[in-house]
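# Survey of secondary and tertiary structure
Given next are the chains, with one letter for each unit.
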Amino acid sequence: MAQDGNIKVTFVSQKIRKIRWIPEDYAEAQCFFTGSWDDEVNNIKVWILDYINDNEVKYPKDVSTFIVEGNVTEIQFTSKNVIAVSTSDGKVRLLQISEYERKTPLKEAFIWNNLHKIAGRACPCTSLATMEGDIATVGEDGNVNILNSRRGDITRTITEADSCSLHSVCFIKHNEVITGNLRGHMKIWDLRSSDNKPTNSFLFGGDQLATTCIINHPTQPYYILAGSESGAIAMWDLRVNTFPSTLKSHPSGVTEMKFHPENPNKLLTSSLSGELWEWNMEAVMKNTKTTENWIALQDKNTTPTNTLLESFKPLNSFDCNKGNILVAGENEAIHFIKNFKY
């Protein structure tokens, strides 16, 4: 459990769906984004860690606000100075980050309207993923769109990729994505194929609960991890046609998962039950290097974990930058964890 002295809390009076550091090349990041939801008017805000009222400790201070229609559902970088933002009104925006415009650092570079729609009416774009300037989006219409952020066009649409709402998407490699739907069905799509048929599909589990998030290992991308609305976390090796390794569940749905950018053996997960967990994945990776050693992990004690944060309300999002972690959710606050040993 992180010590209280390493956790600073700032109340911001809005529910936050996504939070992201703005990385710097040669220093710890000092600025970050938040994307709100469930407000009459939602927004993307830029924040800076600054000294407030002669305090010796830095706290978040909002620098600017960019208004969006609908709820923010995802924020991801497409390049060093550009982010893609998806919203519940079926839109995806590209926002340019200016280092020189302090008061209005976010400028809209492009917008895709009505990317996702049902019976001609806009429906939520539930998630997106990025890789080398390409963007994959999924929505409640069950469609997958591949966008080119450099040209601003739609390079591929997989219509009726699923018969129900898609909730998560992840690039496996540049020409391959994996999606998860409302019932826990996961499908792999070859973007080079002209057929709107998956190359592979499998179930998260037998409970038919939504796959809330999907990631792959940063150095071994054939390892896929998925979180469920039941709180379960599962891991597949795409080279092996076998059942997944199962890590012990959070008490409630998994909201976000990330490997620490400086240490691929550190996995962090957040949940609707209000915890931020740190996982030591070194043993898991050793056990899954060969098919003979593929071991199903059935309880949390097999994989060492540490509780970094506990909140009385759901945690929706977090982000890591070196030894600093930002966490946000339904309690209308930003948690800043310092001195994380990665």
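Residues numbered from 1 in each chain as written. Predicted model: local features only at pLDDT ≥ 70, side-chain atom pairs only at ≥ 80, totals over all residues. Heavy atoms only, no water.

## Re the environment of Lys 313
Spelled out, the test is: Strands are runs of DSSP state E lasting at least two residues, helices are runs of H or I lasting at least four, and both sets are numbered from the N terminus onward. Each residue is placed in one exposure class: buried if its accessible area under a 1.4 Å probe, protein chains only, is under 20% of its type's maximum, exposed if it is over 50%, and partly exposed if it falls in between. Only heavy atoms matter for contacts: two residues are in contact if any of them lie within 4.5 Å across the pair.
By the secondary structure assignment, Lys 313 is in the loop between strand E27 (305–310) and strand E28 (315–321). Taking the relative accessible area as the measure of exposure, Lys 313 reaches 37% and is therefore partly exposed. Once residues within four sequence positions are removed from consideration, Lys 313 is found in contact with Leu 272, Gly 274, Glu 330 and Asn 331.

## Observations concerning the sheet that holds strand E15 (residues 153–158)
Hydrogen bonds between backbone groups are what pair the strands of a sheet, and the pairing can be parallel or antiparallel. As a reminder, the rule being used: Any two strands with at least two DSSP-identified bridges between them are counted as paired. Lines are fitted to the C-alpha atoms to define the axes, a helix being fitted only along its stretch in contact, and any angle between axes, read from their N-to-C directions, falls within 0 to 180 degrees.
Overall, antiparallel pairing links the 4 strands, which are arranged E12-E13-E14-E15 in an open sheet. Strands at the two margins of the open sheet, each flanked by one partner only, are strand E12 (125–131) and E15. Neighbour-to-neighbour, the strand axes of the sheet open up by a mean angle of 20 degrees, direction not taken into account. Where strand E13 (residues 134–139) lies against strand E14 (residues 144–148), 5 bridges are found, and the strand directions are antiparallel. Each bridged residue has a counterpart across the sheet, and for Val 138 the counterpart in E14 is Val 144.

## Concerning the side chain of Glu 74
Condition: Nitrogen and oxygen atoms within 3.5 Å of one another constitute a polar contact, given that in protein one can donate a hydrogen and the other can accept it, and given that sequence-neighbouring residues count only through two side-chain atoms.
Structurally, Glu 74 can be placed in strand E6 (residues 72–79). A distance of 3.5 Å separates the side chain of Glu 74 from the side chain of Gln 76, its partner in a polar contact.

## Quick look at the pattern of salt bridges
Condition: When a carboxyl oxygen of Asp or Glu is within 4 Å of a side-chain nitrogen of Lys or Arg, the pair counts as a salt bridge.
Per the stated rule, a full pass over the model turns up 18 salt bridges. Close ionic contact of Lys 18 with Glu 256 constitutes a salt bridge, the shortest N to O distance being 3.0 Å. Placement of the pair is Lys 18 in strand E2 (residues 16–22) and Glu 256 in strand E24 (residues 254–260), with a sequence separation of 238 residues. Residue class for Lys 18 comes out buried when judged on its relative accessible area of 7%. Lys 80 is the partner of Asp 25 in a salt bridge, and the nearest nitrogen-oxygen pair spans 2.8 Å.

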